[in-house]
Every structure is written in structure tokens, then in C-alpha cells.
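Structural characterization, general
This is what each chain is made of:
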Amino acid sequence: ALPPAPPERFNFAAHLLTLNAAWPERTALIDDHETVTYGELAERVRRCAAGLRALDLRREERVLLLMHDSADWVVGFLGCLYAGVVPVAVNTLLTADDYAYQLRHARAQAALVSAPLLPTLAQAIDALDPGAHEVRHIVVSQPGTALPADVAGVPCHPWPAWLARQAPDGAPTDTAADEPAFWLYSSGSTGRPKGTVHTHANLYWTAELYGRPVLGLTADDRVFSAAKLFFAYGLGNALTFPLSVGASVVLMAERPTPPAVFARLTGRTPTLAGQRPTVFYGAPTGYGGMLAHPDLPPREQVALRLCSSAGEALPRDIGERWTAHFGAEIIDGIGSTEMLHIYCSNRPGDVVYGTSGTPVPGYELEIRGEDGRPLPANPDGSIDIGDLYVRGPSAALMYWNNRDKSRETFQGAWTRTGDKYTRDASGRYIYAGRNDDMLKVSGIYVSPFEVEATLVRHPAVLEAAVIGVTDAEGLTKTKAYVVLRPGAQATVEDIQAHCKAHLAPYKYPRYVEFVPELPKTATGKIQRFRLREREAMGAKG
Ligand code: 3UK
């Protein structure tokens, strides 16, 4: 039986506080600085809500949440929800230009920011004409000592003093289950990222349809996600799911390099003091990187019972090697920002590597043909390749202020995933590529066109084409074919450094090849498929 729907009046933050009221002494969060119990978390969330109201933030107004993973991130997110204010949780790896767009598009009235990200935020605000943004307050987490009174003309408040000043808010804002609760941005191949609007109920559904029943999370788990909280995957992994069952969460501000992740898995940090995670969530590239790392800890040093993978397809070999080493399975499942979390997944004890498993109960899938109708099953039960559509209760409401793209993606009860899939005779779904130009690199969207536009801004570059290539492990990497201007010189490193400086750094092309010309049609369009063919030939030869 499926879980009951939440009541019509429903505030997800208040729901979590009620669920966990029975164990105030239990550990909720362990970040790089401190341990926060469920009792302290509830108090801080209510203080944060009061603090937002004291800054004159009103229901439905948006607040940019630009923070490194920490207890403050969780308090900020839930404090907003409790107050009915709408956090817009954004990627911490973007450029000032990206944030300027988001501030303006979301009409953010305030920003919650980690101190190291304050200069980039200031640059973003500075880049906007007065009147082009509405940011009235900035609250700075981990402020250190030298916090300026204002940044780009906007008053700054140090998080600890701001929180301490407030009396905890007694009652949550009486939100509807279906009203906008928070936004996440999702990138497309062209145009600016889309503000994906999610409800209070959507959070509840992801926890009750996936975290609890499929992953089987309980209050005895200690979870750790390499995927950050600003990704829909990380948000479910390290906030929605564990806090819905009274589990403990390990949070880490730094980039999830293999050594940083190993330190957490083995409990080797001062705040962890030997407390090792039982559940780990990552993306396939991260699993591959750890397996290849010389400091991979032996099985005895970790306490993993279960691992999760999403963001890109998990190559079978990586899953098998991980399980052989640690004894724990990796549960590969496909989710999206639009559906908020995983809707098709393997099951603990029933993993077939190389597949995305079967639909998560509560979600329905269709593989549709070119005529838009579901493809019929073959006599053996398999379904040929087609476009994957999903129906389920955690779909976003819309993309903010973008009717065309909203209609393309959210088609009544069905959501178009943009993925191609097949189904095998046993009913398992198998990923078969995207049907747009988007690439998933380390589980994160990269638009080849955005990278190309940046490449041609390099003074030595005449033109460029970017495609995805498959590496020896079966993972997607970006490759740039670059034509230099006559007489101009540049090295691979120059080109990569230019991309890292002008784009979110993770978008830089992993491979660069200089070519005398690009294959083109008679009308001058670049034939990316020819480049892909060339790569495929090269891989065989
Ligand atoms: C691809 C996968 C094969 C696929 C996400 C879990 O990745 C997440 O969200 P995004 O919006 O990207 C969605 C797209 O990524 N993808 C994700 N998982 C898999 N492809 N196998 C997989 N297991 O193209 C999908 O449409 O960044 C993942 C939970 C929440 C998420 N938002």
C-alpha cells in the first residue's frame, strides 16, 4: 500500500520537527564544525524563521541559498520553509554572471551565503543595475571576524548573532501542501537555467516513496552524500530522507575528492570521532575515482550497509568492483531535478548492474515511440528503445516564467524525462542516452553549446565543437575540437584554463583536440554526429 497523501495544509519543515520531537537528544547533523541534535535543529529552524520575518521577508518571497553543505544550510532551508519563504538553492560552483541571472530571475529579496562565496555574490549584485535586483539583506554563514556592514550596498548580518537574537517562532506558516516551497535550477542545452518550482508535498513524497521504503533508511542510519545539498539528489539524500526517519547526517563543505570522502567513510575527522556512515550516496564518476585511488580504505575501516548512485548511468564494472571490495551494493536509480528524486531504481538485495532497475512504487513509466504513444511490449516482455515519460506525485509545478519549456516538460500528469530507455524481458529499465544535446559529466549537466560559446571567446580560437566521449570506464567526458585562428597558438592547458576561468570550472572540456577544420553541412552547420562517429571509430581501432 502506498503512503497516505499529506493533508491539504502541510508545511514540510513543521512536519519534520513534529516527526522528530520525540528524540531531541538524538544527533541530526554532524558537519565540519559541530554536532546538532534534533532538539537543537528544531530550535534553530524556528529561530531562523523568526529571523527571516524580522528582516521583513514575507511569505512566497524568494531567498537565494548559496551555501556550502553544513548545519547552517539545513537550518536555512528548513527555516525558510517554516516561514513560508521560498529558498532558491543554488550550485556553489557557478560564476557571478550565473548568480546575477538567478537573483534577477527569482527576484530574490535576500541571500543566505557562506562566507567564502560572499565575494562572488557581491560581484553578482554589483553587476546588476540598481533596480535590476531586489536583494535587501545578506546573512553570512561562518562569517569569521571581518564581515563588512554591507556588501554591494546590501546590509550583511553574521549568521550566529542573527540567529541568537531571535526568539524561536512558535507556529509555522500555514502553507498548503501544493504551494511553492523551494526552487532548484535545472540546466538545458540552450538558454539560461530553468527555475524548477517544487512544493512542500513533493519533499514528503520523495521521502515516503523512496528514502523510507526503497533504501530502507531508519533512525539507526548515519548517511553521507558526496552529492551536495543544492542538487535535488543531494537534497533528498542528506536532508529530506534522513530527517524523515530520525537518522543522522554527515555534512562536508569541501569538494568530494576521494581523500575527503574516505576521511568521512572511515570516521577520521574531529567532529565524527570514529562515527562511520552506514549509507553513502555518490555519482558513478566519484565511485570510479575512489576505486582508482591508492588510499581506498579496506572494507574493515568502513561501516557501509548500502550505497546509492545517480546522476548518470552506473557502469556495471564500477558497481561490481565496489561490491567486491566493500561488500555493499550500489543501488543505481534514475531521478531528475524535475521529479525531485529517484523514480526508477534497483532494490537492495535485487541489483542488476548496468540497469536502472524497475519503477519505484508510486511512479509509472512509459517508453514512447516517435508517434508519442507508448511502445507495445514485445512477446518476451521487453520494450524497444523510446522516450521515457514518468508520472508521479513529486513532479515540479513548472519552470518559473517559462511557459514554453514548462509545457514541453510537464505534460499534464506526465513528465518528459529527455532520456531514451529500453526495458528488458525481466522488466528492468536500461538507459540508452539523452534525446537532447545535454551531457552528464560526473553526474552534473553540461551544455556543449555553453562550452563552445566560451571556447570561441578565447582570442586564439576560430571555432569549436564539443561532444561527449566515453572513457575506458564507460563514463561520459567532454571533448572539444578546436580550430585555431590562422597563425594563432594555444596549448590544451591554455584552452582548459580559459574555460575554467569563464565558466563554472566543472564544465571545462576534459579532452581538447586541435583540428584544421570542423565537418560541416553545405549550409555551414557543424556536424557533431561526424565527430561522434570519428570518436566511435577511434575507440574500436
Ligand atoms: C540523468 C541518469 C542514467 C538522466 C538526479 C537523482 O541527476 C539528477 O538530476 P538532474 O536534473 O539530471 C537528470 C538526468 O540525469 N540520470 C540521472 N540519474 C541517472 N541516467 N542513470 C541514472 N541512474 O539523463 C536524467 O534525466 O541533474 C538524480 C535524484 C535526483 C536528481 N535530480
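Residues numbered from 1 in each chain as written. Predicted model: local features only at pLDDT ≥ 70, side-chain atom pairs only at ≥ 80, totals over all residues. Heavy atoms only, no water.

1. A few points about the site of the ligand
Around the ligand, the structure places 22 residues, and the nearest of them are Asp-332, Gly-333, Thr-337, Asp-419 and Lys-440. Between the ligand and Ser-336 there is a distance of 3.3 Å, counted from a nitrogen atom to a backbone nitrogen or oxygen. Interatomic distance of 2.5 Å between a side-chain N/O atom of Thr-337 and an oxygen atom of the ligand. Look at the ligand: alone it shows 610 Å² of surface, and the protein chains cover 96% of it. Secondary structure elements with two or more residues in the shell around the ligand: helix H8 (232-243), strand S15 (330-335), strand S22 (414-423) and strand S23 (429-434). Partitioned by chemical class, the residues of the shell around the ligand number 10 nonpolar, seven polar and five charged. (Near = heavy atom within 4 Å. Polar contact = N/O pair within 3.5 Å; in protein donor to acceptor, adjacent residues only side chain to side chain. Areas by Shrake-Rupley, 256 points an atom, 1.4 Å probe, with all protein chains shown as cover. Helix = DSSP H or I, 4+ residues; strand = E, 2+ residues; numbered from the N terminus. Nonpolar A, V, L, I, M, F, W, Y, C, P; charged D, E, K, R; others polar.)

2. Section: the sheet that holds strand S12 (residues 248-250)
Spatial strand order, S2-S1-S12-S11-S13-S14-S15-S16-S17: nine strands in an open sheet with mixed pairing. Each edge of the sheet is formed by a strand with only one pairing partner; in this case those strands are strand S2 (35-37) and strand S17 (358-359). Note that strand S14 (residues 306-309) and S15 share three bridges and pair parallel. From the neighbouring strand, Cys-307 faces S15, where its bridge partner is Ile-330. Sitting on the sheet, helix H9 (residues 258-265) touches strand S11 (222-225), S12 and strand S13 (279-282), and the angle it makes with S11 is about 175°. (Pairing = 2+ DSSP bridges. Contact = heavy atoms within 4.5 Å. Axes fitted to C-alpha atoms, helices over the stretch in contact; angles between N-to-C directions.)

3. Quick word on the nonpolar core
Counting 116 residues, the largest nonpolar core has Leu-29, Leu-41, Trp-73, Phe-77, Leu-239, Leu-243 and Phe-280 as the members making the most contacts within it. Considering every element that reaches this core, the biggest residue donor is helix H3 (residues 71-83), with 10 residues. Among the nonpolar cores identified, the runner-up in size contains 53 residues, and Leu-94, Ala-122, Ala-124 and Leu-503 belong to it. (Core = buried A, V, L, I, M, F, W, Y, C linked by side-chain atoms within 4.5 Å. Buried < 20%, exposed > 50% of the residue type's maximum accessible area, 1.4 Å probe, protein only.)

4. Some remarks on the sheet that holds strand S5 (residues 110-114)
The strands that make up a sheet are held in pairs by hydrogen bonds between backbone atoms, and each pair lies either parallel or antiparallel. The sheet built from nine strands is open, its strands ordered S7-S8-S6-S5-S3-S4-S9-S10-S20 with mixed pairing. Whereas interior strands pair on both sides, the edge strands pair on one side only; in this sheet they are strand S7 (150-151) and strand S20 (398-399). One ladder, built from two bridges, connects S7 with strand S8 (residues 154-158); its direction is antiparallel. Paired with Asp-150 across the bridge in S8 is Pro-155.

5. Points about the environment of Asp-436
Along the chain, Asp-436 falls in the loop between S23 and strand S24 (439-441). Considered as a pair, Asp-436 and His-341 are 95 residues apart in the sequence and their alpha carbons are 20 Å apart. Within the local environment of Asp-436, its side chain forms a polar contact with the side chain of Arg-434, the two groups lying 2.8 Å apart.

6. Some points on the pairing of S8
Direction of pairing for strand S6 (residues 137-141) relative to S8: parallel, over a ladder of three bridges. Residue pairing across strands places Val-140 opposite Pro-158, the latter belonging to S8.

7. What about the pattern of salt bridges?
Summed over all chains, the structure comprises 28 salt bridges. Across the pair Glu-208 and Arg-212 runs a salt bridge, and its minimum N-O distance is 2.7 Å. For Glu-208, a relative accessible area of 11% puts it in the buried group. Glu-452 is the partner of Arg-528 in a salt bridge, and the nearest nitrogen-oxygen pair spans 2.7 Å. Within this pair, whereas Arg-528 is found in helix H15 (residues 528-540), its partner Glu-452 is found in helix H13 (residues 448-455), the two being separated by 76 residues in sequence. Both residues of the pair, Arg-528 and Glu-452, belong to the buried class. (Salt bridge = Lys/Arg side-chain N within 4 Å of Asp/Glu carboxyl O.)

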